[in-house]
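# Notes for the structure review
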Amino acid sequence: MNLLIFGPQGSGKGTQSELLAKRFNLAHIEAGQLLRTAVKQQNDLGKKLNEIINIKKELVPDKVIGEVIEHALKTVPKNQGIILDGMPRRQSQVEMAEHILEVLDRNIDACIYLDISEAESLKRIAHRYACMDCGHKIVVGRDIPAGESHCAFCGGNIEQRADDTPEGIKKRLEIFHRDTQPVIEYYRGLEKLVDIQGEQSIEEVFKDIETALKEREII
Ligand code: AMP
């Protein structure tokens, strides 16, 4: 099974991808996370990516994300499915993503779209942190109490993502509406889109995804 997952910032793409990956033994390929790992390397490419992602808060060039995704997909065994999170993100990446998948003999079975309002997106991202030691994603108010600054899993320090500033979130939501929404509509046109109401509990969202995949006889 090969899935794509879409949704605005804070819609739960990462959380649902991980649950799907666990349940159906899929490889979770997360574009943003792969790029953040490249930034940490602090070589020339890492510095350029840091400037685009964390300072300008824009999308990286298609060629870069294409290479990163292709490289990651090639490491997945042929008999294992994938969930691709964060690519394609604009129309110019659609053909590129489809070509990469086709060469690797993978058909897209469905595209999951987690729909949440802009207000909910802003609210969720304001509470989104990550542990600097173990990398766990932490939601303040859910995983740890408000005011706490240590990881619930290892006690390490937690921080917000460098691009999760109010201005960064606003810019990325604009990019989502302008560039990614047309991609979502393209997959709706192909009848591959699975619309999911994202403003429910994690368990309810997961259940709706499973039901929709069953209805389409994908699982
Ligand atoms: P995310 O973790 O999905 O919010 O992505 C973090 C950042 O990585 C984005 O704001 C972009 O700068 C960059 N990025 C992630 N996916 C893509 C993509 N498909 N194309 C271009 N840039 C991307």
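This section reports on the structure supplied with the text. Along each chain, residue indices are assigned from 1 in the same order as the chain's sequence is written. Local features in this predicted model are restricted to residues of pLDDT 70 or higher, and side-chain atom pairs are both shown and tallied only at a pLDDT of 80 or more, whereas totals for entire chains, interfaces and linings draw on every residue. The side-chain quantities take in all heavy atoms of the structure and omit both hydrogens and water.

With that out of the way, let us pick up the packing of aromatic side chains. Working definition: a ring pair exists when centres of Phe, Tyr or Trp rings (six-membered ring for Trp) sit within 6.5 Å. Plane angles under 30 degrees give stacked, over 60 give edge-to-face, the rest tilted. All told, the structure shown has two aromatic pairs when counted by the stated rule. Relative to Tyr187, the ring of Tyr186 lies with its centre 4.9 Å away and its plane at 75 degrees, an arrangement referred to as edge-to-face. Partly exposed describes any residue whose relative accessible area lies between the buried limit of under 20% and the exposed limit of over 50%, with all areas from a 1.4 Å probe on protein chains only and scaled to the type maximum. Residue Tyr187 is classed as buried on the basis of its relative accessible area, which comes to 1%. What links up through ring pairs into an aromatic cluster is the set Phe6, Tyr186 and Tyr187.

Here we take up the packing of helix H6 (residues 118–126) against helix H7 (residues 166–189). With their axes 11 Å apart at the nearest point, H6 and H7 run at an angle of 140 degrees to one another. By the angle between their axes, H6 is oblique relative to H7. The handedness of the crossing between H6 and H7 is right-handed. Contacts between H6 and H7 involve Glu118, Ser121, Leu122 and Ile125 on the former and, on the latter, Ile169, Leu173 and His177. The residue classification treats Ala, Val, Leu, Ile, Met, Phe, Trp, Tyr, Cys and Pro as nonpolar and Asp, Glu, Lys and Arg as charged. All others, Gly included, are polar. Broken down by class, the residue content of the contact of H6 with H7 amounts to four nonpolar, two polar and one charged. Between N-to-C directions, angles span 0 to 180 degrees; the directions come from axes that are lines fitted to C-alpha atoms, helices contributing only their stretch in contact. Secondary structure elements follow DSSP: runs of H or I of four or more residues count as helices, runs of E of two or more count as strands, with numbering from the N terminus. An angle below 35 degrees is read as roughly parallel, one above 145 as roughly antiparallel, one from 65 to 115 as roughly perpendicular, and any other as oblique. Rotating anticlockwise by less than a right angle from the far helix to the near helix defines a left-handed crossing, while the corresponding clockwise rotation defines a right-handed one. Whether two residues are in contact is decided by their heavy atoms: any pair within 4.5 Å suffices.

Let us now look at the sheet that holds strand E6 (residues 137–139). A strand pair is defined by DSSP finding two or more bridges across the two strands. A sheet is described by the order of its strands in space; here three strands give the open sequence E6-E5-E7, paired in antiparallel fashion. Looking at strand neighbours, the two that pair on one side only are E6 and strand E7 (158–159), the edges of this open sheet. Two strands pair when backbone bridges link them, and strand E5 (residues 128–131) and E7 are joined in this way by two bridges, in the antiparallel orientation. Note that in E7 the partner of Ala130 across the bridge is Glu159.

Function cannot be read off these values alone, since they describe shape.
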